[in-house]
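A closer look at the structure
The chain contents come next:
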Amino acid sequence: MYTISDYLLDRLKELGIDEVFGVPGDYNLQFLDHITAREDLEWVGNANELNAAYMADGYARTKGISAFVTTFGVGELSAVNGLAGSYAENVPVIEIIGSPTTTIQKNKKLVHHTLGDGDFLRFEKMHEEVTAAIAHLTAVNATSEIDRVLNVAMTEKRPVYINLPIDIAELEITKPNKPLKQTTEKLTDVEASILTKVEQALQQAESPVIIAGHEILSYHIEHELNEFIQKFNLPITTLPLGKGAFNEEDSHYLGTYTGSPTEEPMKSRVDNADLVLLLGAKLTDSATSGFSFGFTDKQMISIGSTEVKFYGKKYETIQLDRFVSALSTLTFSRFTGEITPVKRRSNTEIKDEKLIQKRFWEMVEAFLLPGDTIVGEQGTSFFGLTNVPLKKDMHFIGQPLWGSIGYTFPSTLGSQIANKDSRHLLFIGDGSLQLTVQELGTAIREKLTPIVFVINNNGYTVEREIHGATEQYNDIPMWDYQKLPLVFGGTSQTVAAYKVTTEVELNDAMTSARKDTERLQWIEVVMDQEDAPELLKKLAKIFAKQNS
């Protein structure tokens, strides 16, 4: 018998989803039977629902879309923080909720995992603010609603919510007879008009600069962006919220623009451009060091999925992937001015000295290889990595807008599952790790082999830099991080663990970790509590002033 569950799973497969994350609960167990019965889908169970949402987010950032399953009420609310991050940063995640039968819901029965008031729509309503579409499946609307919300996820690159009652999941239906709706490549009249305005602005510009943002990554249009840059020889930078959107080894790449802390001459080149063209970028406080960018609306055109602005004036929105693809069809003269590419560090001498933040990130830069996936936790790690130039074909994952600490550990695992051919390198602080470390057991069970750098600097470094450097609320319990893999089921056959305090020790661990591709690599990096990346120190002062 072919059921609504089968229909939904077939649609997920059509979108390219091969693994589904989540946590079992009595309202979703029968649906999970349909997943585990399939040979073309794998169920990846998580330690909790929040981690499942984070893991699905990382998977979607790498593969393009993802799905995870929770139970009604307690499960979905545990996951909502992760879903909000996906919404904020344009990541298409499908949350599937197993809910009580339609009879129970209709009769307002006081069943478990509810608030005891017979209202079964409360949690659905709570999700309205952090999803792009919600579907409550019935016998009448199931197939059309599934198709509708999946198309929304794909076109808007944001999460969607599917409420699947137990009995609806098991109803018999026919298989889909046509594929999901695909967006047309033809520009709308509005898009064509906006494209013409962009062309005119570029024709008149003498010192243009392109700033790429995270939506380029959300829509997986890095190739289309590159075609545009190469054809017209344009200088380009990225925001930290969007790092990795352009090949950082390319001669057109200026570096990462961070507002006032940006190093010269790039800062002046961007701030003094007569045209600053933002593509899929948002000028958030964390991306611009407290809105300290030096250009104004008079210089700026911003083209994004939710907002289009020309010199401060708003226009109708566009379909970003279609629009960026069309940029290469424009007609204007190639830029002939000077382009100063990003500087790379040259200090590779390894000394038998205590490890400090500055040297750590210099050594990380030398450690990176083309094709790696780099994941930076929103804290010391992200700000340390911001100005580390990436290599060709590298993918970068961070969460600087939503900034939920602990996000990156499950996200790394989800991304690793989505792309097993890319070596994943996670940089995460001790405070963040303590929130989501439960998924270490999942990593070992799934035989994942990322290289994890756990920065042990005894607490919440970002918060210490902003306020309360010595206050107890910025302290955390001290764990024996090197031994954590053993607690979560690791053995010498599945995990290699190191603890390093000097440059020599770190270099030795890095060398061994790079060669060992068969085991998870776990490197505890001990550094001083007061030490922090220079960008973080500058940004913390800006945030402290902003918060006063």
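Residues numbered from 1 in each chain as written. Predicted model: local features only at pLDDT ≥ 70, side-chain atom pairs only at ≥ 80, totals over all residues. Heavy atoms only, no water.

**Quick word on the overall build of the protein chain**
Along the protein chain, the regular secondary structure elements total 22 helices and 19 strands. Its C-alpha atoms give the protein chain a radius of gyration of 24 Å, within 12% of the compact-globule value 24 Å for 548 residues. Principal-axis analysis of the C-alpha atoms gives the protein chain an extent of 65 × 60 × 45 Å. Evaluated residue by residue, the protein chain yields a buried proportion of 59% over its 548 residues. Counting contacts in the protein chain only where the partners sit at least 6 residues apart, residues at least 24 apart contribute 75% of the total. Counting only carbon and sulfur atoms, one obtains 50% of the accessible surface of the protein chain, whose full area is about 22000 Å². (Helix = DSSP H or I, 4+ residues; strand = E, 2+ residues; numbered from the N terminus. Rg over C-alpha atoms; globule rule 2.2 N^0.38 Å. Buried < 20%, exposed > 50% of the residue type's maximum accessible area, 1.4 Å probe, protein only. Contact = heavy atoms within 4.5 Å. Areas by Shrake-Rupley, 256 points an atom, 1.4 Å probe, with all protein chains shown as cover.)

**What to know about the sheet that holds strand β3 (residues 66–71)**
With parallel pairing, the six strands of this open sheet are ordered in space as β2-β1-β3-β4-β6-β5. Each edge of the open sheet carries a strand with a single partner, namely β2 (42–45) and β5 (133–136). Strand-to-strand twist of the sheet, defined as the mean angle between neighbouring strand axes without regard to direction, takes the value 20 degrees. As judged from the six bridges shared by β3 and strand β4 (residues 93–99), these two strands associate in the parallel manner. In the sheet register, Val69 faces β4, and the bridge partner there is Ile96. (Pairing = 2+ DSSP bridges. Axes fitted to C-alpha atoms, helices over the stretch in contact; angles between N-to-C directions.)

**Notes on the side chain of Gln399**
Relative to the helices and strands, Gln399 is located in the loop between β15 (395–397) and α16 (408–418). For Gln399, a relative accessible area of 1% translates into the label buried. The contact partners of Gln399, leaving out residues within four places of it in the chain, are Arg61, Gly85, Glu89, Gln378, Ser404 and Tyr407.

**Section: the nonpolar core**
Formed by 54 residues in total, the largest nonpolar core has its most connected members in Val198, Phe228, Leu279, Phe295, Ile303 and Leu327. Among residues more than four places away in sequence, those in contact with Phe295 are Ile211, Tyr257, Val270, Asp271, Val276, Leu278, Leu283 and Met300. (Core = buried A, V, L, I, M, F, W, Y, C linked by side-chain atoms within 4.5 Å.)

**What to know about the environment of Leu187**
Relative to the assigned elements, Leu187 resides in the loop between α8 (166–169) and α9 (189–204). A C-alpha to C-alpha distance of 36 Å links Leu187 and Phe21, two positions 166 residues apart in sequence. If near-sequence neighbours (up to four positions away) are discounted, Leu187 is found in contact with Ala192, Leu195, Arg322, Phe323 and Ala326.

**Overview of the sheet that holds strand β9 (residues 253–256)**
The mixed open sheet is built from seven strands, whose spatial order is β9-β8-β7-β10-β11-β12-β13. Edge positions in the sheet fall to β9 and β13 (313–315), since each has one partner strand and no second. Taking each pair of neighbouring strands and ignoring which way they run, the sheet shows an average axis angle of 20 degrees. One ladder, built from three bridges, connects strand β11 (residues 300–303) with strand β12 (residues 308–310); its direction is antiparallel. Paired with Ile301 across the bridge in β12 is Phe310.

**Focus on the packing of aromatic side chains**
Overall, the coordinates contain 21 aromatic pairs when judged by the stated rule. Between Trp361 and Phe427 the ring centres are 5.6 Å apart and the planes differ by 50 degrees, which places this aromatic pair in the tilted class. Residue Trp361 is located in helix α14 (residues 357–367), and its partner Phe427 is located in strand β16 (residues 424–429); the two are separated by 66 residues in the primary sequence. Considered together, Trp361 and Phe427 belong to a single accessibility category, that of buried residues. Centroid distance Phe367 to Phe453: 6.0 Å. Interplanar angle 85 degrees. Geometry classified as edge-to-face. Here Phe367 is found in helix α14, whereas its partner Phe453 is found in strand β17 (residues 451–456), with 86 residues between them in sequence. For the pair Phe367 and Phe453, one class covers both residues: buried. Ring pairing ties together the aromatic residues Phe360, Trp361, Phe367, Phe427 and Phe453, which thus form one cluster. (Phe/Tyr/Trp six-rings, centres within 6.5 Å; stacked < 30°, edge-to-face > 60°.)

**Points about unusual backbone geometry**
The omega torsion of the bond from Glu264 to Pro265 falls at 5 degrees, within 30 degrees of zero and hence cis. Notably, Lys157 is not glycine yet its phi reads approximately 55 degrees, a positive angle. The class for Lys157 is buried, based on a relative accessible area of 8%. Unusually for a residue other than glycine, Lys447 sits at a positive phi of about 60 degrees. If you trace the backbone, Lys447 turns up in the loop between α18 (440–445) and β17. Judged by its relative accessible area of 69%, Lys447 is exposed.

**What about the environment of Thr62?**
Relative to the assigned elements, Thr62 resides in helix α3 (residues 49–63). Each C-alpha atom of the pair Thr62 and Phe367 lies 22 Å from the other, and the pair is 305 residues apart in sequence. Filtering out sequence-adjacent residues up to four positions away, Thr62 remains in contact with His220, His395, Ile397, Ser415, Ala418 and Asn419. Only 2.5 Å separates the side chain of Thr62 from the side chain of Ser415, close enough to count as a polar contact. (Polar contact = N/O pair within 3.5 Å; in protein donor to acceptor, adjacent residues only side chain to side chain.)

**Considering a negative patch on the surface**
Side chains of Glu349, Asp352, Glu353, Glu505 and Asp508 sit close together on the surface and give a patch of like negative charge. Structurally, the position occupied by Glu349 is in the loop between α13 (320–326) and α14. (Patch = residues over 30% accessible without salt bridge, like charges linked within 9 Å, V, L, I, M, F, W, Y side chains within 5 Å. Salt bridge = Lys/Arg side-chain N within 4 Å of Asp/Glu carboxyl O. Lys, Arg positive; Asp, Glu negative; His and termini not counted. Charge placed at Lys NZ, Arg CZ, Asp CG, Glu CD.)

**Looking at helix α11 (residues 222–232)**
When we look at burial in α11, the residues that qualify are Leu225, Phe228, Ile229 and Phe232. Along the axis of α11, the buried positions cluster into a sector of 95 degrees, meaning they face one direction only. Residues of α11 that are buried in the fold lie against α9, β7 (208–212), α10 (214–218), β8 (236–238), β10 (275–279) and α13. Of the residues one or two after α11, Asn233 is the one with positive phi, at around 55 degrees. (Arc of directions from axis to C-beta.)

**Overview of the packing of helix α1 (residues 4–14) against helix α2 (residues 29–36)**
Put simply, α1 and α2 touch, their axes get as near as 10 Å, and they point 50 degrees apart. Here α2 runs oblique to α1, going by the angle between their axes. The two elements α1 and α2 meet at a crossing, and its hand is right-handed. Taking contact as the criterion, the partners of Ser5, Asp6, Leu8 and Leu9 in α1 are, on α2, Phe31, His34 and Ile35. (Parallel < 35°, antiparallel > 145°, perpendicular 65-115°, else oblique. Left-handed = near helix turned anticlockwise from the far one by under 90°.)

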